[in-house]
Amino acid sequence: MITWLRADSPFPPVEAALDDPTGLLAAGGDLSPARILAAYRRGIFPWFGAGQPILWWSPDPRMVLYVDEFRASRSLRKRMKHGHFELRVDTVFDDVIENCATTLRAGQSGTWITPPVIDSYNRLHAAGYAHSVEAWRDDELVGGLYGIAMGRVFFGESMFAHETDASKAALVGLTHLLKRLEVPIIDCQQETAHLASFGARPISRRTFAAHLTELINSTTPPGGWSAGPLGDP
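Definitions and limits used
Residues numbered from 1 in each chain as written. Predicted model: local features only at pLDDT ≥ 70, side-chain atom pairs only at ≥ 80, totals over all residues. Heavy atoms only, no water. Pairing = 2+ DSSP bridges. Helix = DSSP H or I, 4+ residues; strand = E, 2+ residues; numbered from the N terminus. Salt bridge = Lys/Arg side-chain N within 4 Å of Asp/Glu carboxyl O. Expected span 1.5 Å × (residues − 1). Buried < 20%, exposed > 50% of the residue type's maximum accessible area, 1.4 Å probe, protein only. Arc of directions from axis to C-beta. Contact = heavy atoms within 4.5 Å. Axes fitted to C-alpha atoms, helices over the stretch in contact; angles between N-to-C directions.

Moving on to the sheet that holds strand E1 (residues 3-5). The strand order E1-E2-E4-E3 describes an open sheet built from four strands, whose pairing is mixed. One side of each edge strand has no neighbouring strand; the edge strands of this open sheet are E1 and strand E3 (45-46).

Moving on, we come to the pattern of salt bridges. Where charged atoms from two side chains of opposite charge come close, those side chains can pair. Evaluated as defined, the whole model comprises nine salt bridges. Of the charged contacts in the structure, one is a salt bridge between Glu 69 and Arg 201, with a shortest N-O distance of 2.9 Å. Taken together, the residues span a long stretch of sequence, with Glu 69 in the loop between strand E5 (62-66) and helix H2 (74-81) and Arg 201 in strand E11 (residues 201-203) at a distance of 132 residues. Salt-bridge contacts for Arg 88 lead to Asp 139; the nearest nitrogen and oxygen are separated by 2.9 Å. Taken together, the residues span a long stretch of sequence, with Arg 88 in strand E6 (residues 86-89) and Asp 139 in the loop between strand E7 (130-137) and strand E8 (140-150) at a distance of 51 residues. Linked through salt bridges whose partners overlap, the residues forming this network are Arg 79, Asp 165 and Lys 168.

Taking 1.5 Å of rise per residue, the twelve residues of helix H4 (residues 115-126) would be expected to cover 16 Å, and the 16 Å separating its terminal C-alpha atoms lies within 8% of that figure. Of all the residues in H4, the buried ones are Val 117, Ile 118, Ser 120, Tyr 121 and Leu 124. All buried residues of H4 lie within an arc of 165° about the axis, which places them on one face of the element. In H4, those exposed residues whose orientation departs by more than 90 degrees from the buried face are Pro 115 and Ala 126. The inward-facing, buried residues of H4 abut helix H1 (33-41), E3, helix H3 (93-102), E7, E8 and strand E9 (153-161).

The subject of this paragraph is the sheet that holds E7. The strand order across the open sheet built from eight strands is E11-E5-E10-E9-E8-E7-E6-E12, with neighbouring strands paired in mixed fashion. Each of the sheet's edge strands pairs with one partner strand only, and the pair in question is E11 and strand E12 (228-229). Pairing analysis gives three bridges linking E5 to E11, with the strands arranged antiparallel. The partner of Arg 62 across the bridge, within E11, is Ile 203. Relative to the sheet, H3 contacts E7, E8 and E9, its axis offset from that of E8 by approximately 100°.

Take a look at the structure:
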């Protein structure tokens with residue numbers, strides 16, 4: 001049985017998450033920036049469909065990408081080398097999250113990125129926590145991703161592409177930026193073959209929690225994120 005959160009309720013211990021469905025921890029609460037940041041700090045994230053209550057998850061195992069283990073295909077590296085995409089950071093965060101919400105994906109009939117979610121993450125962007133990496137071509141936004149930066153962890157949320165390899169190019173840009181910022185880990189949340197192709201792998205919830213304890217030691221937004229061109233990765 002999961003915990004139902006009221007406005008002032010703390011999250012239960014992540015060890016209380018269900019085995020079926022895997023990782024479901026709590027329901028209810030709100031999507032305020034403070035609540036979302038408190039969740040991420042504990043290895044918890046919101047994920048729910050339209051018409052459902054807010055659902056909070058902490059899966060075991062957890063899919064992560066260690067930045068030093070990132071790998072890109074030869075064809076992608078070639079496109080990046082030839083400057084097929086221009087990469088930018090935080091120039092159109094609102095457009096990126098809207099595209100993530102509306103871009104159709106194979107096997108999916110809806111999105112968890114509902115208007116209340118968009119509003120909350122736009123507020124987190126204004127506060128300096130949520131960021132986008134964008135792929136542009138001929139001055140048109142063709143792909144991108146967004147997520148939350150806390151301490152020395154980046155919590156990836158979603159990506160989209162309107163052109164082949166556009167979201168992958170944004171991921172390449174993100175990993176190079178995180179290397180410069182000395183951020184060693186990207187939280188990918190759920191295990192997928194797509195993420196595994198870039199070098200992401202599952203780790204235990206306990207190991208992930210230990211990473212968070214080590215790498216998130218500040219309550220202020222991390223520095224180093226400035227809007228504008230990313231430059232060549």
